[in-house]
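Inside the fold
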Amino acid sequence: MNFVCNFPFISIIITLFSGPLCTILSGKWAKRVNEAVIVIVGILSACVLGYVGGTGEAFVYRMGHFPAPWGNEIRVGVLEAFMGFFFCVIMLLCMVAGAREREEEIEESKQNLYYVMVNLLLCSLLALIYTNDLFTAYVFVEINTISACGLIMIRQNGRTIEAATRYMIMSLLGSGLLLLGLCFLYDLTGHLLMSNIKEQVHILAQTGQYHIPLMVSVGLMSVGLAMKSALYPFHAWLPDAYGYSTLSSAAILSSLVSKGYIFLLIKIFYRVVGFEVLTGSKVANVLFVFGIIGMIMGSLNAMQEDQITRMIAYSSVAQIGYIYMGIGLATQEGMVASIYHVISHGATKSLLFVAASGLTAASAGGTRYRNLAGSGYRNKLAGIAFTVGSLSMVGMPMFSGFISKLFFAQAAVGHAHKMLPTFIALAISTILNAAYFMKMVISIYSPRYGGNEEEDASYAVQDGWNYGEVSHKEMRRNGGKVIFMKDQPVKAAALICFIVLNFILGLNSEPIIRMIQKGLAMFG
Amino acid sequence: MQVLMLGSIGLPVTSGVVLLAFSLSQRLKAAGRVERTEEEGKLQEGGAWLYAYVFIALICSVGFSMAAAWWGNGSVTVFQLLDTISIYFHVDETGRLFMTIISIIWPVVGIYSVPYMRREGGEKRYYAFFLLAYGMLTGFVYAGNLITMYLFYELITLVSMPLVLHNGTREAVRAGRKYLFYSLCGAYCGLFGIFFLYRYCGSMNFTPGGTLEYAMVSGHEDIVLLAVFVMLLGFGVKAGMLPLHAWLPTAHPVAPSPASAALSSVIVKAGVIAIIRVIFYVVGREFLQGTWVQYTWMTLALLTVFMGSMLAYREQGFKKRLAYSTVSQVSYILFGLSLMTSDALSGALLHVIAHGFIKCGLFLTAGVFLHYYGYGRVEQLRGIGKKMPLVLGCFTLFSLGLIGIPPTLGFLSKWYLAQGALQSQIPVFSWLGPMILLISAFLTAGYLLPVTINGFFPGEETSDLEHTGQKDKTDWGMGISLLLLAVFTLLPGIFPKPLLQFVSEAATIILK
C-alpha cells in the first residue's frame, strides 16, 4: 500500500486532535493552528487526488487492519479526494476573509473556542466524505451538527441563540431520522460497511424481500439528510442562522456544511442503496418535487427579503432546491449536474457572503437595500465581487452558474415526465434570481436616497454624487465610509481568489465534469 | 483573419474596461442635470485626452470590424467552453450588413456625444460603456453559434443598462431596473429554448436553412414549436414586440439622448438579429412555415405595429413618442421576417438600415432640443424652427423617411415589405399586412409632422422661445452628426441599386 493512502486518515486525525488542542491555546495561536491545519489537510487531499487520479481506481484503507465485515474502513475515489480538497480551499478562504469580523464580533475569551469548532467541523466533513462505514458517518454527522451550532452561536446575541436552537432542533430531527433509517438497514442486512450493505440490498431487491422496510429506510435517510441540508419545507432555521452569525460562520455553513450532507446522501444512494434500487423507488420523485418547490419558494422568499445576508441565505434555499432536483431526476446526468452545482454553489455563495459583508462595512453596518445604495463605489472590490457572484447565480455564461444550469437542463431534456416541470421551474427560478440579485447590483451602484430632500442632499455629499470629482479622502471627511483594498489586504486577497475560482469553474468546467463522472463511476 | 476578428471585439472591450477602471478610480459624478455656468462647463472632467482616447479606440475598432466583415468569410473558435460548446465567431451576410450599420451609427453618435455629454457629466463612465457596448455588439453580430450569441446578448444588456441609468436619478434607476428585468426575462426564455434545441439540432452553429434534425423531432413537433415560440417571445423583448414591449418607452426617455439613440437604433435590433439567427439559421423556415407559430408571430407583429403607432400618436413627451414609434417600426421588421419570403425579407433588412439611421437621427434631434432649451414635450417645441432651422429641417427629413416618402430609404423598405406581404399568399395576412402598414404610416405622419409644422409655423401665439436670449447655433459636433445621418437616409434612397442587390442576395442566402 502506498504511503499516500494514509493521508485521508491522517487528515481526519490531524483535524480531530487540533480541535481539543485549540482549547488550551490563546485566540491568536488557535487561529494560526487552524489555518495551518486547513492548509496541511488541503495539501494532503491534493496529494490523494493526484494519486487516485493516477491509479484510476478507488482504494480502501482499513482502520486497525481488521478485515471487512468487522473493521472500520475509509474508501477514497477521485470525487472524495476532490471534495476534500475543494472544501479545504473554500474553508481557508472563508476563514481568512472573516478574520476581522470574528475579532470584532466574538468575545476575546471565546476566540479560541471558535477554532475548536471549525477544526471539528472540518474533521467531520472529511470523515463524512471519506468514510465507508455508515455508522461512522452518523457519528460524524452529529459532530458536524454540534460544531455548526457552535459556529452559529459564537456571536452571542438573541438572534443567534434562537437561530442555533432552531438549527439544533431541526438538525437533531434529521439525525434522528437518519439513525432510524440506518437501524432499519442494519436490521435488514446485518452490516454497517457500505459495500457489504450494498451486496445485501442488491440480493433483497432481486428477490423482492422486505421491499417496504427497505424503502422506508431509504426514505428515512433521504428525508433526514434533506432536513439537515435545508431542503425546502425544512429550511426555517436557515435564514436566521446564516443571516445573523458571524461572516466566516455564514460562509462556511452555507457553502460547506449543507453540502457535506448532500454529498453523504449521494454517497448513500450510490454506495449503500445502489443506483438501480433508487431509480426503481419513488423516493427520488419526492426529492424532485420538494427540490422544485424549494427552487421557486426560496427565490420568492429571497425577493421579499430586504436584508442582504438574509436574501443570500434564502437564495441558498433555492440553490439547494436545484441540487435536490438534480438528484431527484435519478439519472447519471442529473447526479453529475447536482454535484457540479454543489461545487459551483459552494464557491459562489461564500463569495457572495464575503462580498456582502464588505458592502455592509462600507455602509456603516447597514444591511438593507436603502443603506447599501452606492456601496459598490465605497468598497470597489466588494462591489465587483458581488457583481461576479450575482452574475454567476443568475446563470451568465462564463460563470459557474451557467454551466450547472446547462447540465441540469441537459439532464432533464429527454426525461419523459420530469422534463417540463424541470424546465419551467428552472426558468421561473432563474428569472426570480435575476430579479433580486440584479436589483441588488443596480442598487449598490446607484446613489443613496433618504426619506426627504435634505437627507438626499446629505447622502449626496457623503458619497460624492452631484459635486463633481470628489476624492475618497473628501468623502471620508464628509462622513461617508470608504474602504480601500489596502485597508484590508487579506480580505481583498480572499475576494480575488474567490472571483478567480468562479471564473475557473465557469470557463474550465470540462475537466471537473469529467472528474465527477469518473468519481461517480468509482462509487460503483 | 483571426487577428481582425478578435481585435474587433477585444479592442473596444479592453479600451472600455480600461476607461471604466480609470473612471472607477476617481469619484463618479452624475445625478441629474446640474445647472452650470459657462466657465464651469469648460472645467468638466472630459478634456481633449479623453476624446482622443475614445475616438482613436473607436476608429480602430471600427476599422478592425469592417476589415473583418468585408475581407472574406472568416471564422474563429476562441475557446472551448465544453467539449460540445465553443465560443465561435463567424462572419456571414447578416453579420456584414448589421455590422456595417452599427459601425456607421456608433462614430456618429460618438461625435454627437461630445458636446452633449459634457453637460450631462460622468463622461468617462459613459464612454467606457459606449465602447464596451460596441465590442459586445460586434461579438453578438459575429457570433457563430447560439451559445456565443446568447453570451453576447446578455452582455449587451449588461453594458447598455448603465447607459440607461446614467443620470442616477430615482427615475433612471427604476427605468434601468425595468430594462434589465425585461431583457433578462426575455434572454432566459431564449436560453431555455437553446437548452431545448441543443438536443434536437445537429449543431448549434448557424447554418442557413437550419440544423434541426427531423428524425429526432418527429413525434415531438408540438413541444419543439412551443420552444421556438418561447424563444421568439423572449428575443422579441429586446425588439419591443408585444406583449413585453413596456421597457422601451420607460428606458429610452430617461437615458441621455445619444444613449437612447444608440439603444433605439441599434440595441433594439439585437432582438431582430437573434430572431433571424434562431428562425432562419437554426430552426429553419421549412419547419415553421404554415404553423401556428408563424401566424401568431405575424399577428403579434402587426398588433405591435398598430398599437405602437397609436400610443406614439397619443404621447406628448417627445422622446417617449419616439420610443413608441420604435416599438411600432421594429415590428415592421419582425413582420417582414415572419412572412419568410424573399421580398419581405429584403424589405425587413432594408428597414433595419432605414430605421437605424432615421431613429438615431430623430433621437439626436430630440436631444438637441433638450440640450439647448430643456424642452422635452411636444407642445414646447412650437416655433423651434425659427431658432434652429437646420436641426428641424433634418428632423423633417427623418420624419419623411420614417413615414416612407420617396426618395428616402424608408420608402424602399416599406415598398418591399408590402410587396412581400402581397406575394406571400398567406390567407388574410397578405392583404391585412399592407393595410396595417399603410394605417401605421398615416399615424406616423400624424405624430411626427405636427412637430415640424408647429415648429416652422408657430402661428399667432408668441412662444417662450422669443424671449430667451440663448444662442441659436448648434454645436458643430451635433450639427455634423445630424447632417451625416440625413445623408445616410437620403443617399441610399436616391441610388438604391447596390444596396438592393446586396440585400436581395443576403435574403436569398438566408432563405436557402
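Residues numbered from 1 in each chain as written. Chains lettered and ligands numbered in written order. Predicted model: local features only at pLDDT ≥ 70, side-chain atom pairs only at ≥ 80, totals over all residues. Heavy atoms only, no water.

**Focus: the overall build of chain B**
- Helices and strands together make up the secondary structure of chain B, namely 21 helices and two strands.
- For 512 residues, the compact-globule estimate of 2.2 N^0.38 gives 24 Å, and chain B sits close to it at 22 Å.
- For chain B, the C-alpha atoms occupy an extent of roughly 75 × 55 × 40 Å along the three principal directions.
- In chain B, buried positions account for 65% of the 512 residues.
- Here chain B has roughly 17400 Å² of accessible surface; of this, 66% comes from carbon and sulfur atoms.
- The averaged location of the 26 negative side-chain charges in chain B is 3 Å from the averaged location of its 33 positive side-chain charges. (Helix = DSSP H or I, 4+ residues; strand = E, 2+ residues; numbered from the N terminus. Rg over C-alpha atoms; globule rule 2.2 N^0.38 Å. Buried < 20%, exposed > 50% of the residue type's maximum accessible area, 1.4 Å probe, protein only. Areas by Shrake-Rupley, 256 points an atom, 1.4 Å probe, with all protein chains shown as cover. Lys, Arg positive; Asp, Glu negative; His and termini not counted. Charge placed at Lys NZ, Arg CZ, Asp CG, Glu CD.)

**Description of the overall build of chain A**
- Counting its regular elements, chain A contains 24 helices and two strands.
- Taking 2.2 N^0.38 as the reference for a compact globule, 524 residues should give roughly 24 Å; the C-alpha atoms of chain A span a radius of gyration of 23 Å, in line with that estimate.
- Expressed along its principal axes, the backbone C-alpha trace of chain A runs to roughly 80 × 55 × 45 Å.
- Per-residue burial for chain A yields a buried fraction of 65% across its 524 residues.
- For chain A, the share of sequence-separated contacts (at least 6 apart) that also reach a separation of at least 24 residues comes to 79%.
- With an accessible surface of roughly 17600 Å², chain A has 65% of that area assigned to carbon and sulfur atoms. (Contact = heavy atoms within 4.5 Å.)

**Some points on the pairing of strand S2 (residues 72-76) of chain A**
All names here are of chain A.
- Among the five residues of S2, four are classified as buried, and the element is accordingly described as predominantly covered.
- The pairing of strand S1 (residues 59-63) with S2 spans five bridges and is antiparallel. Within S2, the residue paired with Arg62 across the bridge is Glu73. (Pairing = 2+ DSSP bridges.)

**Examining the packing of helix H4 (residues 93-120) of chain B against helix H5 (residues 123-142) of chain B**
Residues and elements named next belong to chain B.
- Put simply, H4 and H5 touch, their axes get as near as 10 Å, and they point 175° apart. With respect to each other, H4 and H5 are oriented roughly antiparallel. Note on element contacts: H5 touches H4 through Glu123, Tyr126, Tyr127, Phe130, Ala133, Tyr134, Leu137, Thr138, Val141 and Tyr142, opposite Gly95, Phe98, Met99, Ile102, Ser103, Trp106, Val109, Gly110, Ser113, Val114, Met117 and Arg118. (Axes fitted to C-alpha atoms, helices over the stretch in contact; angles between N-to-C directions. Parallel < 35°, antiparallel > 145°, perpendicular 65-115°, else oblique.)

**Some thoughts on the side chain of Ser424(B)**
Residues and elements named next belong to chain B.
- Tracing the backbone shows Ser424 in the loop between helix H18 (409-423) and helix H19 (429-456).
- Within polar-contact distance, the side chain of Ser424 engages the backbone oxygen of Ala421 at 2.8 Å.
- The contacts of Ser424, once residues within four sequence positions are left out, are Leu339, Thr341 and Ser430. (Polar contact = N/O pair within 3.5 Å; in protein donor to acceptor, adjacent residues only side chain to side chain.)

**So, the side chain of Ser404(A)**
All names here are of chain A.
- The residue Ser404 is located in helix H19 (residues 400-412) in this model.
- Given the relative accessible area of 1%, Ser404 is considered buried.
- A distance of 2.9 Å separates a polar atom in the side chain of Ser404 from a polar atom in the side chain of His341.
- Within the local environment of Ser404, its side chain forms a polar contact with the backbone oxygen of Gly401, the two atoms lying 3.1 Å apart.
- Once you skip the residues sitting within four places of it in the chain, Ser404 turns out to touch Tyr340, His341 and Ser344.

**A look at the packing of aromatic side chains**
- For the structure on display, the rule yields 44 aromatic pairs over all chains.
- Residues Phe82(A) and Phe86(A) carry aromatic rings whose centres are separated by 6.2 Å and whose planes lie at 20° to one another, so their mutual orientation is stacked. On the criterion of helical spacing, the pair formed by Phe82(A) and Phe86(A) is a turn pair, its members being four residues apart in helix H3 (residues 78-97).
- With 6.0 Å between their ring centres and 70° between their planes, Phe423(A) and Phe192(B) make a pair best called edge-to-face. One end of the pair, Phe423(A), is in helix H20 (residues 419-444); the other, Phe192(B), is in helix H7 (residues 170-200), on a second chain.
- An aromatic cluster of at least three residues, connected via ring pairs, comprises Phe402(A), Phe423(A), Tyr150(B), Phe192(B), Phe195(B), Phe196(B) and Tyr200(B).
- The ring of Trp29(A) is capped by Arg32(A), whose NZ or CZ atom sits 4.8 Å from the centre of that ring. (Phe/Tyr/Trp six-rings, centres within 6.5 Å; stacked < 30°, edge-to-face > 60°. Lys NZ or Arg CZ within 6 Å of the ring centre and 35° of its normal.)

**Here we look at the pattern of salt bridges**
Residues and elements named next belong to chain A.
- Enumeration according to the criterion identifies eleven salt bridges over all chains in this entry.
- Ionic pairing is found between Asp240 and Arg166, a salt bridge with its closest N-O pair at 3.9 Å. With Asp240 in helix H10 (residues 238-244) and Arg166 in helix H7 (residues 158-189), this pair connects stretches of sequence that are 74 residues apart.
- Judged by relative accessible area, which is 6%, Asp240 ranks as buried. (Salt bridge = Lys/Arg side-chain N within 4 Å of Asp/Glu carboxyl O.)

**Some remarks on the packing of H20(A) against H7(B)**
- The N-to-C vectors of H20(A) and H7(B) enclose an angle of 155°; their axes lie 10 Å apart at closest approach. The orientation of H20(A) with respect to H7(B), classified from their angle, is roughly antiparallel. At the point where H20(A) passes H7(B), the crossing takes the right-handed sense. Between H20(A) and H7(B), the contacting residues are Met419(A), Phe423(A), Leu426(A), Ala427(A), Thr430(A), Ile431(A), Ala434(A), Ala435(A), Met438(A), Lys439(A) and Ile442(A) on the first element and Val173(B), Gly176(B), Arg177(B), Leu180(B), Phe181(B), Leu184(B), Cys185(B), Tyr188(B), Phe192(B), Phe195(B) and Phe196(B) on the second.
- Class assignment for the residues of the contact of H20(A) with H7(B) results in 18 nonpolar, two polar and two charged. (Left-handed = near helix turned anticlockwise from the far one by under 90°. Nonpolar A, V, L, I, M, F, W, Y, C, P; charged D, E, K, R; others polar.)

**Observations regarding the nonpolar core**
- Counting 390 residues, the largest nonpolar core has Phe386(A), Trp106(B), Phe140(B), Val272(B), Ile279(B), Phe280(B) and Leu337(B) as the members making the most contacts within it.
- Ranked by the residues each element gives to this core, the list is headed by helix H15 (residues 342-373) of chain B, at 20 residues.
- Ignoring anything within four residues of it in the chain, the contact list for Trp106(B) reads Leu58(B), Phe130(B), Ala133(B), Tyr134(B), Leu137(B), Ala262(B) and Val266(B). (Core = buried A, V, L, I, M, F, W, Y, C linked by side-chain atoms within 4.5 Å.)

**Re the confidence of the model for chain A**
- When pLDDT is averaged across chain A, the result is 86; 94% of the residues are at 70 or more.
- Mean pLDDT per element in chain A: helix H22 (residues 472-477) of chain A is the minimum at 61, and H3(A) is the maximum at 92. (pLDDT = per-residue confidence, 0-100.)

**Overview of helix H8 (residues 194-207) of chain A**
Residue and element names in this part refer to chain A.
- Taking 1.5 Å per residue, 14 residues should reach 20 Å; H8 reaches 20 Å between its end C-alpha atoms and fits that length.
- Restricting attention to buried positions, one finds in H8 the residues Met194, Asn196, Ile197, Val201 and Leu204. Viewed end-on, H8 has its buried residues packed into an arc of 155°, placing them on one side of the element. Exposed and facing more than 90 degrees away from the buried side of H8 are Glu199 and Gln206.
- Contact partners of the buried residues in H8: helix H6 (134-153), H7, helix H9 (211-228), helix H11 (247-273) and helix H12 (275-280).
- One or two residues past the end of H8 sits Gly208, with phi positive at roughly 80°. (Expected span 1.5 Å × (residues − 1). Arc of directions from axis to C-beta.)

**A short note on the environment of Ala67(B)**
- Inspection of the secondary structure assignment puts Ala67(B) in helix H3 (residues 47-70).
- A C-alpha to C-alpha distance of 8.8 Å links Ala67(B) and Ser8(B), two positions 59 residues apart in sequence.

**Digging into the environment of Lys124(B)**
Residues and elements named next belong to chain B.
- Mapped onto the fold, Lys124 is located in helix H5.
- Taking relative accessible area as the criterion, Lys124 reaches 8% and is therefore assigned buried.
- The spacing of Lys124 and Leu20 is 104 residues in sequence and 7.0 Å in space, taken between C-alpha atoms.

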